[in-house]
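# A structural walkthrough
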Amino acid sequence: MSKGKNAKYVPAKQSNTMTYVLGGIAVLVVIVVVIGGVLLMSKNEGTPADKAQAAIDKATPVFVLGKEDAPTKLTFFEDPYCPACGNMERQYGEQITKAVEDGKLQIKFFMLSFLNRSSPSGDYSDRAAGGLLAIAKSSLPGDQKQKAWMGAHTAMYANQPEEGKGDKTNAEIATVLADGAKAKGVELPADVTAAIRDGKYSVESAQNAGAGSKLMQDIGSTGTPTVVHNGDKLTVQGDWLTPLLK
């Protein structure tokens, strides 16, 4: 019998095989979408070095030494009482200073204080770093502040107390840092030396040290000195700096 003009179209019933094929295609599509999303997220998150550098970039350093347009940028994590930090400064400080002064190098400093407990006073690291913080917060012009901080940092390690035995009073720290600044041609203002003698920034320095310690742990390091370049931790030995300078 022929079908009338208004007869409805009834699609043929799909076989079980076709149902499985379509279901399989749907599952594959979901898997591809999920994998694509995971890969995209991984790409956006970047490498471990990218994540480490991003964390550093979000943090506030105690001091930034050098010009913003310097082609090589490093991050230092130091403790004023750390013998290895002192050795690094004494061995490479002259080269570092020259690179900064030549505009080739910029350094972000995070000063820590986990070695406080080793000093006879129990807080040498916080007080010494507080002295550097006093210079960083001073009203000195930018170029003078850079020179003063650099000289004070060098002098602090040149006169570093022996771990576990040596210590310095605030007055002694003030003299050391002032002499270091003077060696770079800068006379510290009276209010700055007074702030160092009074330990004005020791508490703030301790707070900075806590944040710096957490940041150092977040990027996968546990000791000082830690030196970071583009998120990668460097091995500070031999002629490590020269290849980095552009």
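Scroll up for the structure.
An account of the accompanying structure is given in this report. Bear in mind the structure is a predicted one, so any value in this text is a computation, not a measurement.

### What about helix H3 (residues 83–101)?
Taking 1.5 Å of rise per residue, 19 residues should cover 27 Å, and H3 covers 25 Å from first to last C-alpha, within 8% of that figure. By the largest-angle criterion, Tyr-92 marks the main kink of H3, which is about 65°. Residues Cys-85, Gly-86, Met-88, Glu-89, Tyr-92, Gly-93, Ile-96, Thr-97, Ala-99 and Val-100 constitute the buried set of H3. Its buried side turned inward, H3 meets strand S1 (63–65), strand S2 (72–78), strand S3 (105–111), helix H5 (142–158) and strand S4 (226–229).

### A word on the packing of helix H4 (residues 124–136) against helix H6 (residues 170–183)
Two elements in contact, H4 and H6, have axes whose closest approach is 10 Å; the angle formed by their N-to-C orientations is 45°. Here H6 runs oblique to H4, going by the angle between their axes. The handedness of the crossing between H4 and H6 is right-handed. Between H4 and H6, the residues in contact are Tyr-124, Arg-127, Ala-128, Gly-131, Leu-132 and Ile-135 and Asn-170, Ile-173 and Leu-177, respectively. Of the residues in the contact of H4 with H6, the class split is six nonpolar, two polar and one charged.

Thresholds, definitions, all that
Residues numbered from 1 in each chain as written. Predicted model: local features only at pLDDT ≥ 70, side-chain atom pairs only at ≥ 80, totals over all residues. Heavy atoms only, no water. Helix = DSSP H or I, 4+ residues; strand = E, 2+ residues; numbered from the N terminus. Expected span 1.5 Å × (residues − 1). Bend = angle between axes of the 7 residues up to and from the residue. Buried < 20%, exposed > 50% of the residue type's maximum accessible area, 1.4 Å probe, protein only. Contact = heavy atoms within 4.5 Å. Axes fitted to C-alpha atoms, helices over the stretch in contact; angles between N-to-C directions. Parallel < 35°, antiparallel > 145°, perpendicular 65-115°, else oblique. Left-handed = near helix turned anticlockwise from the far one by under 90°. Nonpolar A, V, L, I, M, F, W, Y, C, P; charged D, E, K, R; others polar.

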